[in-house]
Amino acid sequence: MSEAPSPLRLIVREKASVKLLTDLESKNETPTQQWSCSEHPVVASNDGNMIAIPGKSEVIVALMADKKTLYTLKEKNVRHVLFSPKDTYIVTWRSREKEDNQTGGNVGIFEAKTGKPVRRYSQKSVERWPTIQWTKDEKYCIQMVTNQLRLYEEKDPTRWVKKIDQSKIADFAVSPDGSYVVCGSPEVGSSPGSIMVYTLPDFERTYNRSLFKCEDFKFQWSSTSKYLLATASAEGTGDNSSYYGETHQYLIHADGSYSSQLVFKNKGPIQDTAWSPDGTAFVVIQGHQPATAALHLPEGNVKNFVFGRASWNTIRWSPHGRFILLGGFGALQGQMQFWDVYKKKIIGVAQDRNGPKYYEWAPDSRRFVTATIRPLRTVDNGYKLWSYAGELKFQRMIQHLYQSSFVPAKEGTYENKPQSPRLKGRKITAIAAPAPRAYVPPSLRGRIGGGSLAVQMRKERATTGPVRVGTGQQGGKNNEKNRKKRERRRRKAAEGHSAASANSNANSTTKQSSKPKPKLPPPKPEVKTPPVEEKKVEPEITEAERVAKKIKALRKKLRQIAKIEDKDIASLNDAQLTKLKSKSSVEKDLAEFEAKLAAM
């Protein structure tokens, strides 16, 4: 009889404590282990045996099984922690301080089992974290420094043995098996940027592509290390191809034998891309909402299957690669579709309307968690557990929830189980994506004859010529009220002027009564002129230009919020915290204006 697999474990970080839960669907929360509060995310080792808990003055590294503290790292204000692939080393990052000039840097590398210091170095910004990467077997380690990639070997992680010079490296990625490394450099002025692939450990170049419109890069290796997806993006291109400018994606064979740019029929940004766990296929979500999701094969870049169109921007493969979740989070409404990739059939739909920030599969591929956490959302905090078919199994509301994540498990711990016979044959009705419609101003919605702004303008020009557009030819209720107020003010001013003239004439008549009274022409009747507002000549601006300006302003806000997110929460002022909390509403407004512009 085979041994029962170990239970799933969930880390829950609240305001006052960090808990480890194993009985996940029990209403009575009884944590297996519990530690003191942590201000920053706690991290579990890749084998699930250790946990690192950063605090204000130290980092506690403990065993999951018995809560035994292995050691304590005297590192203050650590914000990020990671374990190397085989859990040999633990790496910490903190904001730079004056003492780092004497200690060697703000990044520390330690032996994971003992806490013994290995080396230190400096990394000013967390934007490129981590700037050090190991191969899966930890045979090689690559560190990115200014204009260089440095190679370290397993036998001596303190000294680099080889390097390659590359101007202004923006990002890099080491292949899982340690055979290749890819790096990208942005364009500078009229000089193009580049994507280059090198072999390890010899640093021989196998691929080179020069390109423009590239400021940032994202590299994704397949698990086989044979294929690479490289995404290059640039801001401010002005064509509204994505929220932050223009994006291009390339499929590259690591040995340089093949490369191709991914071309899509629909206009719009690349929402997300993800390789299957076995590295034999990848899924891309592309286009304005509702976006299209499709499965591609890397050999020849063949589109193998189209999942359809819906409000999606997130891809999550189950660890075994049998199931996949296509979801719409962030500015979207939390729609989720669960698919059996082996059969290419949808097996469930669900929706989490609480604005989850964290969403991931459990190591057994049978559960999926969505969590609404702080500081980005201060209401409706809690987590939900879903089945692989989208059935809500359990939910718990927690007033102050900062983290909810599954503990990793070793490969092979859980069996790759197929869909349960209980679910076979049931009818699944996917949430239909709304068809794009012409934009209707709020003042016209629900009115008879209310149509798009362009239709309304054409109707008015056909009857009365160009006029100021509102909810009709008079400019709407507010404009009508303002017009009446102006008329009353003019009437009062005219009456006051007439009274003053009468008094002046009476005085003049008394003083000069001996003089003959000249005949005066009869007063002309007062003619009320139409409101000056309709005579004003204002610079014409189309609705599309107005929406484009609004989109540009919202993008700028999101860039500012992204910079704030990189900072330590404790160091933020009230204005920055307010701006951080507004991220979800800004993303929602941006999505609405993008859809509005696309429909024009």
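If you're wondering where the values come from, they're calculated on a predicted model, not measured in any experiment.

Conventions and cut-offs
- Counting from 1, residues in each chain are numbered in the order their sequence is written.
- Local features are withheld for residues below a pLDDT of 70 in this predicted model, meaning they are given only at 70 or higher, and side-chain atom pairs are given and counted only at 80 or more; totals for whole chains, interfaces and linings count all residues.
- Computation of side-chain values covers all heavy atoms of the structure but excludes hydrogens and water.
- The numbering of helices and of strands both runs from the N terminus, where a helix is a DSSP run of H or I of at least 4 residues and a strand a run of E of at least 2.
- Contacts between residues were defined by any pair of non-hydrogen atoms, one from each residue, lying within 4.5 Å.
- Multiplying 1.5 Å by the helix residue count minus one yields the expected span of that helix.
- Burial status follows relative accessibility: with a 1.4 Å probe on protein chains alone, a residue under 20% of its type maximum counts as buried, one over 50% as exposed, and anything between as partly exposed.
- At least two DSSP bridges between two strands are needed for those strands to be called paired.
- A pair is scored as a salt bridge if a Lys or Arg side-chain nitrogen falls within 4 Å of a carboxyl oxygen belonging to Asp or Glu.
- Aromatic contacts are taken between Phe, Tyr and Trp rings whose centres are within 6.5 Å, Trp giving its six-membered ring; a plane angle under 30 degrees counts as stacked, one over 60 as edge-to-face, and the others as tilted.
- Orientation is described by lines fitted to C-alpha atoms, with helices fitted over the stretch in contact, and by angles between N-to-C directions that extend from 0 to 180 degrees.
- As a per-residue measure, pLDDT tells how confident the predictor is, with possible values from 0 to 100.
- Exposure above 30% relative accessible area and the absence of a salt bridge qualify a residue for a patch, where like charges join within 9 Å and nonpolar side chains (Val, Leu, Ile, Met, Phe, Trp, Tyr) within 5 Å.
- All accessible areas in this document rest on Shrake-Rupley with a 1.4 Å probe, and a residue is counted as covered only by the protein chains that are shown.
- Charge counting follows a simple rule: Lys and Arg are positive, Asp and Glu are negative, and His as well as the terminal groups are ignored.
- Where a charge sits is defined by one atom per residue type, namely NZ (Lys), CZ (Arg), CG (Asp) or CD (Glu).
- Angles are sorted into four bins: roughly parallel if under 35 degrees, roughly antiparallel if over 145, roughly perpendicular if 65 to 115, and oblique for all others.
- Crossing handedness: left-handed means the near helix sits turned counterclockwise from the far one by under a right angle, and right-handed means the same turn made clockwise.
- We define a nonpolar core as any set of buried Ala, Val, Leu, Ile, Met, Phe, Trp, Tyr and Cys residues linked to one another through side-chain atoms lying within 4.5 Å.

### Observations concerning the side chain of S404
Part 1 of the reasoning: Here S404 lies in strand β36 (residues 401-406).
Part 2 of the reasoning: Those residues in contact with S404 that lie beyond four places of it in its chain are L10, I11, V12, Y358, V369, A371 and Y383.

### Notes on helix α4 (residues 543-565)
Part 1 of the reasoning: For α4, built from 23 residues, the straight-helix expectation of 33 Å at 1.5 Å per residue is met to within 8% by its first-to-last C-alpha distance of 33 Å.
Part 2 of the reasoning: Within α4, the full set of buried residues consists of E543, V547, I551, L554, R555, L558, I561 and I564.

### Regarding the pairing of strand β16 (residues 171-174)
Part 1 of the reasoning: Judged from the 4 bridges that link them, β16 and strand β17 (residues 180-185) form a sheet pairing that is antiparallel. In the strand pairing of β17, D171 is matched with G184.
Part 2 of the reasoning: Hairpin geometry of β16 and β17 is characterised by an intervening segment of 5 residues between the two adjacent antiparallel strands and by a positive phi of about 80° at G178.

### Some thoughts on the pattern of salt bridges
Part 1 of the reasoning: Counted under the stated rule, the structure contains 12 salt bridges.
Part 2 of the reasoning: Salt-bridge contacts for E58 lead to K74; the nearest nitrogen and oxygen are separated by 3.3 Å. Linking E58 in the loop between β5 (50-54) and β6 (59-63) with K74 in the loop between β7 (69-73) and β8 (78-83), this pair joins segments that are 16 residues apart in sequence.
Part 3 of the reasoning: According to the relative accessible area criterion, E58 is partly exposed, its value standing at 25%.
Part 4 of the reasoning: Classification of K74 by relative accessible area gives exposed; the value is 64%.
Part 5 of the reasoning: Residue R316 is joined to E360 by a salt bridge in which the shortest nitrogen-to-oxygen separation is 3.3 Å. Of this pair, R316 sits in strand β28 (residues 314-317) while E360 sits in strand β32 (residues 358-361), and the two are 44 residues apart along the sequence.
Part 6 of the reasoning: Classification of R316 by relative accessible area gives partly exposed; the value is 23%.
Part 7 of the reasoning: You can call E360 partly exposed: its relative accessible area is 26%.
Part 8 of the reasoning: Overlapping salt bridges, with partners in common, bring together E75, R94 and R120 in one network.

### Some remarks on the environment of V302
Part 1 of the reasoning: If you trace the backbone, V302 turns up in strand β27 (residues 302-310).
Part 2 of the reasoning: Separated by 21 residues in sequence, V302 and A281 have C-alpha atoms that sit 9.7 Å apart.
Part 3 of the reasoning: Among all residues touching V302, those that are not within four sequence positions of it are L295, H296 and L297.

### Side note on the environment of E235
Part 1 of the reasoning: Tracing the backbone through its elements, the reader meets E235 in the loop between β21 (227-234) and β22 (246-253).
Part 2 of the reasoning: Measuring from C-alpha to C-alpha, the distance between E235 and T247 comes to 8.9 Å, with 12 residues separating the pair along the chain.

### Looking at the packing of aromatic side chains
Part 1 of the reasoning: Considering all chains together, one arrives at 16 aromatic pairs under this definition.
Part 2 of the reasoning: Judged by centre distance (5.8 Å) and plane angle (15°), the rings of F217 and F219 are stacked.
Part 3 of the reasoning: Judged by relative accessible area, F217 falls into the buried class, the value being 6%.
Part 4 of the reasoning: Where W361 meets F368, the ring centres are 5.3 Å apart and the plane angle is 75°; that geometry is what we call edge-to-face.

### Concerning the sheet that holds β27
The strands making up a sheet are joined through hydrogen bonds of the backbone, oriented either antiparallel or parallel.
Part 1 of the reasoning: Pairing within the open sheet is antiparallel, and its 4 strands lie in the order β24-β25-β26-β27. Both outer strands of the open sheet, β24 (270-275) and β27, are each paired with one neighbouring strand and no more. On average, adjacent strands in this sheet sit at an angle of 15° to one another, irrespective of strand direction.
Part 2 of the reasoning: Where strand β25 (residues 282-286) lies against strand β26 (residues 291-297), 5 bridges are found, and the strand directions are antiparallel. By the bridge assignment, F282 is partnered in β26 with H296.

### Section: the confidence of the model for the chain
Part 1 of the reasoning: Per-residue confidence for the chain gives a mean pLDDT of 81; residues scoring 70 or more make up 81%.
Part 2 of the reasoning: For the chain, the element scoring lowest by mean pLDDT is helix α2 (residues 453-464), at 57; β28 scores highest, at 95.
Part 3 of the reasoning: Considering only residues more than four positions removed or in separate chains, one finds that residues 464-474, a stretch of pLDDT under 50, has 23 contacts.

### Structural notes on a positive patch on the surface
Part 1 of the reasoning: Together, K481, K484, K485, R488, R489, R490, R491 and K492 give the surface a local cluster of positive charge.
Part 2 of the reasoning: Considering the arrangement of structural elements, one finds R491 in helix α3 (residues 476-511).

### Let's talk about the packing of α4 against helix α6 (residues 583-599)
Part 1 of the reasoning: Between α4 and α6, the least distance of the axes is 9 Å, while the angle of their chain directions is 150°. Put simply, α4 runs roughly antiparallel to α6. Considering how the two elements wind past one another, α4 and α6 form a crossing that is left-handed. Residues A544, R546, V547, K550, I551, L554, R555, K557, L558, I561 and E565 of α4 touch α6, and the partners they reach there are K583, V586, E587, D589, L590, F593, E594, K596 and L597.

### Notes on the nonpolar core
Part 1 of the reasoning: Counting residues in each nonpolar core, the largest one holds 18 residues, and the members touching the most others are V182, I195, F219 and W221.
Part 2 of the reasoning: Discounting residues that sit within four places of it in the chain, W221 has contacts with A173, V174, S175, P176, Y180, V181, V182, V197, Y227, L228, A254 and W275.

### Focus on the pairing of strand β2 (residues 17-21)
Part 1 of the reasoning: For β2, the buried fraction is high: 5 of the 5 residues fall into the buried class.
Part 2 of the reasoning: The side-chain alternation of β2 yields two buried faces, one formed by S17, K19 and L21 and the other by V18 and L20.
Part 3 of the reasoning: Pairing between strand β1 (residues 10-14) and β2: 4 bridges, direction antiparallel. Residue L10 lies in a different strand from β2, and its bridge partner there is L21.

### Section: the sheet that holds strand β23 (residues 259-261)
Part 1 of the reasoning: Taking strand neighbours across the sheet as the criterion, the 4 strands line up as β20-β21-β22-β23 in an open arrangement whose pairing is antiparallel. Only two strands of the sheet have a single neighbouring strand rather than two, namely β20 (216-221) and β23. Across the sheet, the mean angle from the axis of one strand to that of its neighbour is 20°, orientation sign disregarded.

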